[in-house]
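Notes for the structure review
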Amino acid sequence: MTRPLVAQVDLAALKANVARVRQYAPAAKVMAVVKANAYGHHLERVLPALDDADGLALLELDAALGLRRRGEARPLVLLEGCFDARELPEVAAGGIDTVVHSPWQLAMLREARLARRIGVHVKVNTGMNRLGFAPAEVHGVCDELAKLPGVEIRTVMTHFARADEDGALEAPLARFAAACRGLAWPRSLANSAGTVRYAEVGGEWVRPGIMLYGATPFAGRSAASLGLVPAMTLRSRLIAVQSLAAGESVGYGAMFTARAPARIGIVACGYADGYPRHAPNGTPVLVCGRRARTAGRVSMDMLAVDLAGIPEADVGSDVVLWGGGLPVDEVAVAAGTVGYELLCAVAPRVAFETVAAAAAHA
Ligand SMILES: *Cc1c(COP(=O)(O)O)cnc(C)c1O
């Protein structure tokens, strides 16, 4: 038996989520965000499901160049732009677009002598205060970029700090509108939360990430309620079953003690696989398709589940850590994090496979 832990990636789910993006933002072009190796789903694996996107956005230059080498013809955007002037010739030669968020990047473009024009996305800081030009600077920056012979402006863009909260978009939207007044370039404002709220947010482009993978961008709204389907199911099996007498414990630090006789299943999945070590007792798991709860501390290669109420569970039983039947967002809430982090953290040692929809959601 090979180690039974596997991350199953469901291309039909990804396609359905892209279609859902189109429903939310029918007027917009879709820049599918595939940074961090497609949020942990493996970029090459998910690409066939993203056929319907109009472009791809990421931050890793090597990955972008790899896509071009493999014949990807759509716009590719580096979301943090270039980190060093030495990257510019490669970026230009690859026909890769780059964000310009700071004066030092503007200076790099001013001084570059490029063999081929480079497409740029001008980033506006509308209150996130990480990257971007102040709204009042945007006209000047665009004027300068528009005059540079090696540069072509593709969009004026921004990224919201609180697109997932009610009432928190008006001020940044107003700042962005003021920054863009009189500028004719297409605008790009919406991440997943903004895409769901496209009617308010607008823009010629949207930049959905997490929703493509079927997890929610909102704290209080499930992915299912947004019409999204989980793209990854992290699946394993029980590799041992223990019978505990009342008062006996399981795992490091004896963090779970049975109050009554208990059956405990040991799952081949631990924090070295990307499962969060800080997931407490009671974090949801599916065993034989039924809800169970973790018991005790997550260790490097294993975790334990309480098999109460699942008498059919035994060595070899199917376990879903998250995915079909158990939203990653629920596990994330239990572990005090977000689905984004769990998906991105799936470790290199985990085997991946592409599945048909029926297998992932059986
Ligand atoms: C990551 C990222 C996105 C996608 O955000 P989601 O919340 O995953 O949809 C969009 N725009 C920018 C600039 C990003 O860095």
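1. A closer look at the packing of helix α6 (residues 103–111) against helix α7 (residues 138–147)
- The geometry of α6 relative to α7 is characterised by a closest axis approach of 10 Å and an angle of 20° between their N-to-C directions. With respect to each other, α6 and α7 are oriented roughly parallel. Once α6 is placed against α7, the crossing between them reads as left-handed. Here α6 contributes Leu 106, Leu 109 and Arg 110 to the contact with α7, which in turn contributes Val 141, Glu 144 and Leu 145.
- Considering only residue class, the contact of α6 with α7 consists of 4 nonpolar, no polar and 2 charged.

2. Points about helix α1 (residues 11–24)
- With 14 residues, α1 should reach 20 Å at 1.5 Å per residue; the first-to-last C-alpha distance of 20 Å fits that figure.
- Among the residues of α1, the N-terminal cap falls to Asp 10, whose side-chain oxygen and the backbone nitrogen of Ala 12 are separated by 3.0 Å.

3. Remarks on the site of the ligand
- Not every one of the 13 residues close to the ligand is listed here, only the nearest: Lys 35, Tyr 39, Ser 192, Ile 210 and Tyr 340.
- Ser 192 is positioned with one of its side-chain polar atoms (N or O) 2.5 Å from an oxygen atom of the ligand.
- At 2.8 Å from an oxygen atom of the ligand is found a main-chain nitrogen or oxygen belonging to Gly 209.

4. Details of the environment of Ala 272
- In this structure, Ala 272 sits in the loop between β13 (262–267) and β14 (284–287).
- Ala 272 gets classed as partly exposed once you look at its relative accessible area, which sits at 25%.
- Sequence separation of Ala 272 and Ala 304 is 32 residues, and the distance between their C-alpha atoms is 15 Å.
- If sequence neighbours within four positions are ignored, Ala 272 has contacts with Met 300, Asp 301, Ala 347 and Arg 349.

5. As for the domain arrangement of the chain
- Assigned domains of the chain: these are domain 1 (12–213) and domain 2 (232–360).
- Computed from C-alpha atoms alone, the centre-to-centre distance between domain 1 and domain 2 is 37 Å.
- On the domain 2 side, the residues contacting the 9 residues of domain 1 number 8 residues.
- Carbon and sulfur atoms supply 67% of the area that domain 1 and domain 2 bury against each other, a total of about 860 Å² over both sides.
- For the pair domain 1 and domain 2, the interface holds 0 salt bridges.
- In this structure, the connection of domain 1 to domain 2 is made through 1 residue pair in polar contact (both at pLDDT 80 or more).
- Residues that form the side of domain 1 that touches domain 2 fall into these classes: 5 nonpolar, 3 polar and 1 charged.

6. Concerning the packing of aromatic side chains
- Inspection of every chain in the model, using the stated rule, returns 3 aromatic pairs.
- Relative to Tyr 340, the ring of Tyr 39 has its centre 6.2 Å away and its plane inclined at 35°; by these criteria the two rings are tilted. Of this pair, Tyr 39 sits in helix α2 (residues 35–39) while Tyr 340 sits in helix α12 (residues 339–344), and the two are 301 residues apart along the sequence.
- A residue is classified by how much of its surface remains accessible, and Tyr 340, at 29% relative accessible area, is partly exposed.
- Here Tyr 275 and Trp 322 contribute two aromatic rings whose centre-to-centre distance is 6.1 Å and whose plane-to-plane angle is 15°, an arrangement assigned as stacked. Within this pair, whereas Tyr 275 is found in the loop between β13 and β14, its partner Trp 322 is found in strand β17 (residues 318–322), the two being separated by 47 residues in sequence.
- An aromatic cluster of three or more residues is present, and its members are Tyr 39, Tyr 213 and Tyr 340.
- We note Arg 221 situated over the ring of Phe 218; from NZ or CZ to the ring centre the distance is 4.7 Å.

7. Quick word on unusual backbone geometry
- Its identity is not glycine, yet Tyr 39 carries a phi of approximately 50°, on the positive side.
- Under the relative-accessibility criterion, Tyr 39 is labelled buried at 6%.
- For Ala 254, which is not glycine, the phi torsion reads 50° and is therefore positive.
- For Ala 254, the location among the structural elements is in the loop between β11 (249–250) and β12 (256–257).

8. Observations concerning the pattern of salt bridges
- Taken as a whole and assessed by the stated rule, the structure comprises 18 salt bridges.
- Between Asp 97 and Arg 154 there is a salt bridge whose closest N-O contact spans 3.1 Å. Of the two residues, Asp 97 is situated in strand β5 (residues 97–100) and Arg 154 in strand β7 (residues 151–158); the sequence distance between them amounts to 57 residues.
- The closest approach of N and O atoms between Arg 110 and Glu 144, which form a salt bridge, is 2.5 Å. Note that Arg 110 is positioned in helix α6 and Glu 144 in helix α7, a separation of 34 residues in sequence.

The rules behind each value
- Residues numbered from 1 in each chain as written.
- Predicted model: local features only at pLDDT ≥ 70, side-chain atom pairs only at ≥ 80, totals over all residues.
- Heavy atoms only, no water.
- Axes fitted to C-alpha atoms, helices over the stretch in contact; angles between N-to-C directions.
- Helix = DSSP H or I, 4+ residues; strand = E, 2+ residues; numbered from the N terminus.
- Parallel < 35°, antiparallel > 145°, perpendicular 65-115°, else oblique.
- Left-handed = near helix turned anticlockwise from the far one by under 90°.
- Contact = heavy atoms within 4.5 Å.
- Nonpolar A, V, L, I, M, F, W, Y, C, P; charged D, E, K, R; others polar.
- Expected span 1.5 Å × (residues − 1).
- Polar contact = N/O pair within 3.5 Å; in protein donor to acceptor, adjacent residues only side chain to side chain.
- Near = heavy atom within 4 Å.
- Buried < 20%, exposed > 50% of the residue type's maximum accessible area, 1.4 Å probe, protein only.
- Domains from an automatic or database assignment.
- Buried area = accessible area lost by both parts, 1.4 Å probe.
- Salt bridge = Lys/Arg side-chain N within 4 Å of Asp/Glu carboxyl O.
- Phe/Tyr/Trp six-rings, centres within 6.5 Å; stacked < 30°, edge-to-face > 60°.
- Lys NZ or Arg CZ within 6 Å of the ring centre and 35° of its normal.

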